[in-house]
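Working through the structure, step by step
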Amino acid sequence: MVRRPVAWVVALVLFAEALGTAALNWFLGVVVDRQDMSLAGLDPDMMSTSSKIGGIVFGFYFALCGLVALLVALRDRAPAGLGRVLLISAAVVHALLGAVTWGLVGPPAFLYMVLVLALIVLLLMTYDGRPEQPAGSGAAPGSGAGGDGSPVTPPAAPTAP
């Protein structure tokens, strides 16, 4: 199966991205602080502080998403509840960042964002919540009378008196 390796790769990529995002924003905050220049009248200290805080927040967000992917890899179960919402939001963030990076950074950054987006979507889609059926079983999941996947037993033929 590809489910566990994909979950491991997504976890590693998101942890690396968390560290990289936090480090990049921290570096940009230090650069702004040392330049001591104003951009359109904004306070340089406020820009430096907000860049550092933004880096910490986004780093924590990506690390939390990486933790969800790591738990999926360890447990070999689909993410549920808040974990699923976090992974879906990470996919949306990567889609939006991919759209922005094409024009601002270039095609390599765009391809990286699309690759991470594809990995997250693959992680979410491989754990679709349906139990696996053996190849020889004729029953499809959800085909039971109650919709719970249990097989339907046909009624007994009437007997003549």
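Keep in mind that this is a model prediction, so the values were computed, not measured.

Let's talk about helix 4 (residues 107–126)
Its 20 residues give helix 4 an end-to-end C-alpha distance of 28 Å, which sits within 8% of 28 Å, the value for a rise of 1.5 Å per residue. Considered for burial, the residues of helix 4 that qualify are M113, V116, L119, I120, L123 and L124. Burial along helix 4 is one-sided: seen end-on, the buried residues are contained in an arc of 135°. More than 90 degrees from the buried face of helix 4, the exposed residues found are P108, L111 and M125. Residues of helix 4 that are buried in the fold lie against helix 1 (3–35), helix 2 (44–75) and helix 3 (82–104).

Things to note about the packing of aromatic side chains
Considering all chains together, one arrives at three aromatic pairs under this definition. On the numbers, 6.4 Å between centres and 40° between planes, the contact of F58 with F62 is tilted. Residue F58 and its partner F62 are located together in helix 2, separated by four residues, close to a single helical turn. Residue classification places F58 among the partly exposed residues on the basis of a relative accessible area of 42%. Ring pairing ties together the aromatic residues F58, Y61 and F62, which thus form one cluster. Sitting above the plane of the W26 ring, K52 keeps its charged end 4.9 Å from the centroid.

Things to note about a nonpolar patch on the surface
On the surface, a cluster of nonpolar side chains totalling about 430 Å² of accessible area is made up of W8, F15, L67, L71 and L74. Listing elements by their share of the nonpolar patch, those giving two or more residues are helix 1 and helix 2. The element that contributes the greatest number of residues to the nonpolar patch is helix 2, accounting for three residues. Turning to its location among the elements, L74 is positioned in helix 2.

Examining the nonpolar core
Membership of the largest hydrophobic core comes to 23 residues, with the highest contact counts inside it found for V10, L14, Y61, C65, L87, I120 and L123. Elements represented by at least two residues in this core include exactly helix 1, helix 2, helix 3 and helix 4. Residue contributions to this core peak at seven residues, all from helix 2. The contacts of I120, once residues within four sequence positions are left out, are V10, L14, L87, A90, A91 and H94.

So, the packing of helix 1 against helix 4
When two helices pack together, their arrangement is captured by the angle between the axes and the distance separating the axes. Where helix 1 contacts helix 4, the axes come no closer than 9 Å and their chain directions differ by 140°. It follows that helix 1 is oblique to helix 4 by the angle criterion. With respect to the hand of their crossing, helix 1 and helix 4 are arranged in left-handed fashion. Across the interface between the two elements, R3, V6, A7, V9, V10, V13, L14 and E17 of helix 1 pack against Y112, M113, V116, L119, I120, L122, L123 and T126 of helix 4.

Cut-offs applied
Residues numbered from 1 in each chain as written. Predicted model: local features only at pLDDT ≥ 70, side-chain atom pairs only at ≥ 80, totals over all residues. Heavy atoms only, no water. Helix = DSSP H or I, 4+ residues; strand = E, 2+ residues; numbered from the N terminus. Expected span 1.5 Å × (residues − 1). Buried < 20%, exposed > 50% of the residue type's maximum accessible area, 1.4 Å probe, protein only. Arc of directions from axis to C-beta. Contact = heavy atoms within 4.5 Å. Phe/Tyr/Trp six-rings, centres within 6.5 Å; stacked < 30°, edge-to-face > 60°. Lys NZ or Arg CZ within 6 Å of the ring centre and 35° of its normal. Patch = residues over 30% accessible without salt bridge, like charges linked within 9 Å, V, L, I, M, F, W, Y side chains within 5 Å. Areas by Shrake-Rupley, 256 points an atom, 1.4 Å probe, with all protein chains shown as cover. Salt bridge = Lys/Arg side-chain N within 4 Å of Asp/Glu carboxyl O. Core = buried A, V, L, I, M, F, W, Y, C linked by side-chain atoms within 4.5 Å. Axes fitted to C-alpha atoms, helices over the stretch in contact; angles between N-to-C directions. Parallel < 35°, antiparallel > 145°, perpendicular 65-115°, else oblique. Left-handed = near helix turned anticlockwise from the far one by under 90°.

So far we have only geometry, and geometry alone does not tell us how the molecule works.
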